[in-house]
Amino acid sequence: MVGLLVNRMFFAVAVLFGVVSVTFALMHLAGDPLAGLIPPGAPPDVENDIRRSYGLDRPVPEQYLDFASRAMRGDFGESWRQGRPALAAVLERLPATMALASLAIALAILVGGFLGVAAAARPGSPWDAGARLAALLGQAIPAFWLGTMLILVFAVDLRWLPASGLPGPAGVILPALALAAYPAATLMRLLRASMVETLGADYIRTARAKGLSRRRILLEHALRNAALPALAFTGLQAGFLLGGAVIVEGVFAYPGIGGLALDAVATRDIPLVEAFVWVVALLILGVNTLAGLIAAWIDPRLRERAAAFGGAAP
Amino acid sequence: MKYSHDWEPRVLAGARNDTLREWQDARRVMSRRSLLGMGAVAATGLLVPTGLPSARALPASQTDAAGELTIDLAVEPPTLDPALVYEADGWSVVHSIYDAPVQLGPGGALQMVAAEAMTQVDDLTWEIRLRPGIAFHNGEPLESSSIAFSVAHILDPETASQVAGSFGVIEEVEEVDSLTARLLLSTPAPWLPSQIAPWLALLPPEYAGDPANDFANNPVGTGPYRFVRWDRGSQIVLERNEQYQASGAKGEPIAGSVTVRFVADGTTRVTDIVSGASQLVRSVPFDQLQVVAETADVIAQPIAGCAFVRIPTDVSPFDNPAVRLAMNHAVDVEGIIAALFGGNGERLANVFVPGGLGYDESLAPHVYDPELARQLLAEAGFADGFSTRLAHTTSDRADLAAAVAGQLAAVGIEVALEPVETATFNATWKDPEAAPLRFLTWRPLYDPFTLLGLVISSSGFLSRYSDPEAQALIEAGAAETDPEERDRLYRELGQVLHASPAGIYLWSLTSFYGLSRDVQGWTPRPDDWILPLAAEGAS
């Protein structure tokens, strides 16, 4: 287990360094970084002053080295438009996005998990057909459209929930539903497929022959084995959820990091963009590491494989 | 100078008034027709009346001092430092909290806000006398030292304000007495009030001078509302300033507590007003006016601003004035106004707008005449037309640029549209590689100094237009301190720009707001700021 962790840590640092470098390159390739900052019509000496004060008058390799060494420590300087530390501006908005993404993934696991097991328990039944249709819709409907429909039904017609992300717990429900639809649907299909396969295995037949209850076979024997691909998928969803949050937060005017990122890109607030990408990369790495550890806990074979890579098995 | 332009907002839909029923009946007819297979754009174009039976003003001030008001704006300001705010949504918040000495009205007329008087003593001196007895929200008295401090703050390189350049003409602020200050200029600047109105919000020197107070995030002003809280990414909460002197031109507060929310998506703003989450929303998308009109009022407010397609003169074939004239004759601007703005807005003869300095109502816009356009192109040697590119920002309505491009294509000018993000758009004004044509809207235009200086003047930092006659008039207008003579110079300039176009002149701007029928007395403004105020003489 420790070996796996050490492995993951090395990997994480390398990925973070890559992310920092690519962000720097992209933001500089996308045109003059100061495009959004120099007032239209600024005289050349004002432009030079601004360039110097942001350190953009130095050679690009020098800027890169300085940036990379600071970025690896989480220091991105001040947001050009907000005039306060960029990382702080991102972290301030992070809890709202974390609440949204956590609720969405919890909903996806609950709904997708339940539908997946229910559908696999009786393949070909009306239950199965209904669940598969729901999954098809969940995967096909774009989040921004689903969000708008949820607003129309629950906020405009029924008036049960606020239309947009007012501060307070009620504001997170509709955006979380919109965001959860796709991962729930995918989870359901994955789980159903691997459950159906597992339920045909010899050891399940043996369990049946022993006279174990249907519930015990489904939940204790089949689900534990069938859950692995679904778990791996859930880990990978961190990126999707944070990306999807950018869209969904826009639809619901939800005060998370998505809106901040869109704004930062549109106004070329480079420190803010870099801080955002860094935080998101760190989050995705963290979630993936966690998913890897959970998978290793469930499946002893993964632990042995990690040990073979040089780490000491616990 | 006479400005007969009607600045009264029109309530386009709603059940407050019997005269609207007629239109609503007409609208139902339109809806049925739209069901019969009309194109979506054409159908929505008919949702708003082109001739409302009797447009009316909003009811006179009926304020609800204790009430709560929620407003949806589109853009969250990055900071509440007035020197660093450059657009209408930011100004809506800033000028709810702060007062400037003056604001500009139609025709560039000076209207007093925190000042009792602002006069031009001589060509190089403006004098501002503040109203007595005004206090900042923290109790600090408003004195002339605030004027000196606020000017110094804009000019401070540490502030990095984009308007430090124009305020640079102020060489010194002389404090005559505790309420009077004189701005001593290095060169005549008749346009200075147009910079003072949005940017010279009066700061409290003691409070704002202490960096520990972080006034950009915890603003203290003398304005009609005091700052309570800023939930970044979501909303700013304000409460009524009970001490506010409503004698200024801005008006008086209409609510006890105001929550300003930032909702970038137009559809979400619509659902907010329809569901009652907000009572006042900015920029109702044109195709959703009808949805809002079902439950709230839609207000069409003429804005002192213009739309045009910039044409450069430094590259062929646009260096030929006949080509630029042909392009003006090729576009059916009235048709676009009718179909895509519901008839709101006026076709313009140049960049000067109704209610702004230099507007000449006797100068007729170029007529829509595709035949004449083809003939002019043929005479200029482009009988087969030519191909070019037109840039617009991704935040502009794409259908407007597309409509213009489509009509140019009809006379043989093939136009490729290039939507670009705003930062890129602003970085490529003079880039010879960028699209030569660009779709622009510019506001406010009470005083056209900034637009002329930046976009039309041959020395302008955003300009690719050059005409010696126009240049002489632009320079004369920027230095002329007599308002009557300045207006005359700009009218003359308007004729030059009409005959030797700097663009395809399009329409005057209109803003569409959604307003809950529960809100009484709110006054929309021709500068497009949304202030939760009722003003008697705002227009």
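Residues numbered from 1 in each chain as written. Chains lettered and ligands numbered in written order. Predicted model: local features only at pLDDT ≥ 70, side-chain atom pairs only at ≥ 80, totals over all residues. Heavy atoms only, no water.

**Remarks on the overall build of chain B**
Helices and strands together make up the secondary structure of chain B, namely 17 helices and 19 strands. Within chain B, the fraction of its 539 residues that count as buried is 60%. Sequence separation of at least 24 residues holds for 72% of the intrachain contacts in chain B that already meet a minimum separation of 6. By element, 51% of the accessible surface of chain B is carried by carbon and sulfur atoms, the whole surface being about 19,500 Å². (Helix = DSSP H or I, 4+ residues; strand = E, 2+ residues; numbered from the N terminus. Buried < 20%, exposed > 50% of the residue type's maximum accessible area, 1.4 Å probe, protein only. Contact = heavy atoms within 4.5 Å. Areas by Shrake-Rupley, 256 points an atom, 1.4 Å probe, with all protein chains shown as cover.)

**A closer look at the packing of aromatic side chains**
Throughout the structure, instances matching the rule amount to 18 aromatic pairs over all chains. Note on Trp91(B) and Trp199(B): the rings are 5.4 Å apart at their centroids and 75° apart in plane angle, and the pair reads as edge-to-face. One end of the pair, Trp91(B), is in helix 3 (residues 88-97); the other, Trp199(B), is in helix 6 (residues 192-199), and 108 residues separate them in sequence. Overall, Trp91(B) belongs to the buried group, its relative accessible area being 8%. Among the residues examined, Trp199(B) registers a relative accessible area of 12% and is labelled buried. Here the aromatic cluster, defined as three or more aromatic residues joined through ring pairs, consists of Phe24(A), Tyr64(A), Phe67(A), Phe76(A) and Trp278(A). Sitting over the ring of Trp230(B), Arg232(B) keeps its end group 3.9 Å from the ring centre. (Phe/Tyr/Trp six-rings, centres within 6.5 Å; stacked < 30°, edge-to-face > 60°. Lys NZ or Arg CZ within 6 Å of the ring centre and 35° of its normal.)

**Some thoughts on the sheet that holds strand 6 (residues 125-130) of chain B**
All names here are of chain B. Pairing is antiparallel across the open sheet formed by 4 strands, whose spatial order is 5-6-8-7. Unpaired on one side and paired on the other, strand 5 (115-122) and strand 7 (170-175) mark the two borders of the sheet. Adjacent strand axes in the sheet meet at a mean angle of 20°, parallel and antiparallel pairs treated alike. Summarising the sheet, strand 6 and strand 8 (residues 180-185) pair through 5 bridges and their orientation is antiparallel. When the bridges of strand 8 are listed, Ile 128 appears paired with Ala 181. Together, strand 6, strand 7 and strand 8 form the strand contacts of helix 4 (residues 144-155), whose direction differs from that of strand 7 by roughly 160°. Those strands touched by helix 6 are strand 5, strand 6, strand 7 and strand 8, and its axis lies near 130° from that of strand 8. (Pairing = 2+ DSSP bridges. Axes fitted to C-alpha atoms, helices over the stretch in contact; angles between N-to-C directions.)

**Structural notes on the pattern of salt bridges**
Applying the stated criterion to the full structure yields 31 salt bridges over all chains. One salt bridge in this structure joins Asp202(A) and Arg205(A), with 2.9 Å as the shortest N-O distance. With Asp202(A) and Arg205(A) both in helix 8 (residues 202-209) and 3 residues apart, this pair spans about one turn of that helix. There is no split in this pair, since Asp202(A) and Arg205(A) are both exposed. For Arg182(B), the salt bridge goes to Glu127(B), with nearest N and O atoms at 2.6 Å. In this pair, Arg182(B) is assigned in strand 8 and Glu127(B) in strand 6, connecting sequence segments 55 residues apart. Taken together, the salt bridges that share partners define one network made up of Arg58(A), Glu62(A), Asp66(A), Arg70(A) and Asp75(A). (Salt bridge = Lys/Arg side-chain N within 4 Å of Asp/Glu carboxyl O.)

**Some remarks on the interface of chain B and chain A**
Facing the 28 residues of chain B at the interface are 31 residues of chain A. Broken down residue by residue, the surface that chain B buries against chain A is led by Pro78(B), Gln162(B) and Arg232(B), which jointly contribute 22%. Inspection of the region where chain B meets chain A yields 0 salt bridges. Our count for the contact surface shared by chain B and chain A stands at 4 residue pairs in polar contact (both at pLDDT 80 or more). Mapped by element, the contributors of at least two residues to the side of chain B that touches chain A are strand 12 (257-262), helix 8 (266-275) and helix 14 (422-427) of chain B. Top element by residues in the side of chain B that touches chain A is helix 8 of chain B. It accounts for 6 residues. Along the lines of polarity and charge, the residues of the side of chain B that touches chain A split into 9 nonpolar, 12 polar and 7 charged. (Buried area = accessible area lost by both parts, 1.4 Å probe. Polar contact = N/O pair within 3.5 Å; in protein donor to acceptor, adjacent residues only side chain to side chain. Nonpolar A, V, L, I, M, F, W, Y, C, P; charged D, E, K, R; others polar.)

**A look at the pairing of strand 15 (residues 386-393) of chain B**
Residue and element names in this part refer to chain B. Taken across its 8 residues, strand 15 has 6 buried, putting it largely inside the fold. In this structure, strand 15 lies alongside strand 16 (residues 413-420), joined through 8 bridges in parallel fashion. Residue pairing for strand 16: His 392 is matched across the bridge by Pro 419. As for the winding sense of the linkage, the β-α-β connection from strand 15 through helix 13 (residues 398-410) to strand 16 is right-handed. Sheet topology note: the strand 15/strand 17 (residues 437-442) ladder contains 2 bridges and is parallel. Across the sheet, residue Ala 391 finds its bridge partner in strand 17, namely Arg 438. (Right-handed = clockwise from strand over helix to strand, strands pointing away.)

**Concerning the side chain of Gln407(B)**
Residues and elements named next belong to chain B. By the secondary structure assignment, Gln 407 is in helix 13. A polar contact is formed between the side chain of Gln 407 and the backbone nitrogen of Asp 332, at a distance of 2.9 Å. With residues near it in sequence (within four places) discarded, Gln 407 still touches Ala 330, Val 331, Asp 332 and Ile 336.

**Some words on helix 9 (residues 214-252) of chain A**
Residues and elements named next belong to chain A. Between its first and last C-alpha, helix 9 extends only 43 Å over 39 residues, short of the 57 Å set by a 1.5 Å rise per residue. Along its length, helix 9 reaches its greatest deviation from straightness, about 55°, at Leu 223. Looking one or two residues beyond helix 9, the residue adopting positive phi is Ala 253, at roughly 50°. (Expected span 1.5 Å × (residues − 1). Bend = angle between axes of the 7 residues up to and from the residue.)

**A closer look at helix 7 (residues 173-199) of chain A**
At Ala180(A), helix 7 of chain A shows its strongest bend, of approximately 40°, with the proline Pro183(A) following within four residues. Burial within helix 7 of chain A is extensive, with 19 of its 27 residues counted as buried.

**Thoughts on the confidence of the model for chain B**
For any part of a model where pLDDT is low, the fine detail of the predicted coordinates should not be relied upon. Residue and element names in this part refer to chain B. With 87% of its residues at a pLDDT of 70 or more, chain B has an overall mean of 86. For chain B, helix 2 (residues 40-45) is the element with the lowest average pLDDT, namely 31, and strand 8 is the one with the highest, namely 97. Residue range residues 1-5 is modelled with pLDDT below 50. Its contacts to residues more than four positions away, or to other chains, number 14 contacts. Residue range residues 14-65 is modelled with pLDDT below 50. Its contacts to residues more than four positions away, or to other chains, number 90 contacts. With a pTM of 0.80, the predicted complex shows an ipTM of 0.71. (pLDDT = per-residue confidence, 0-100.)

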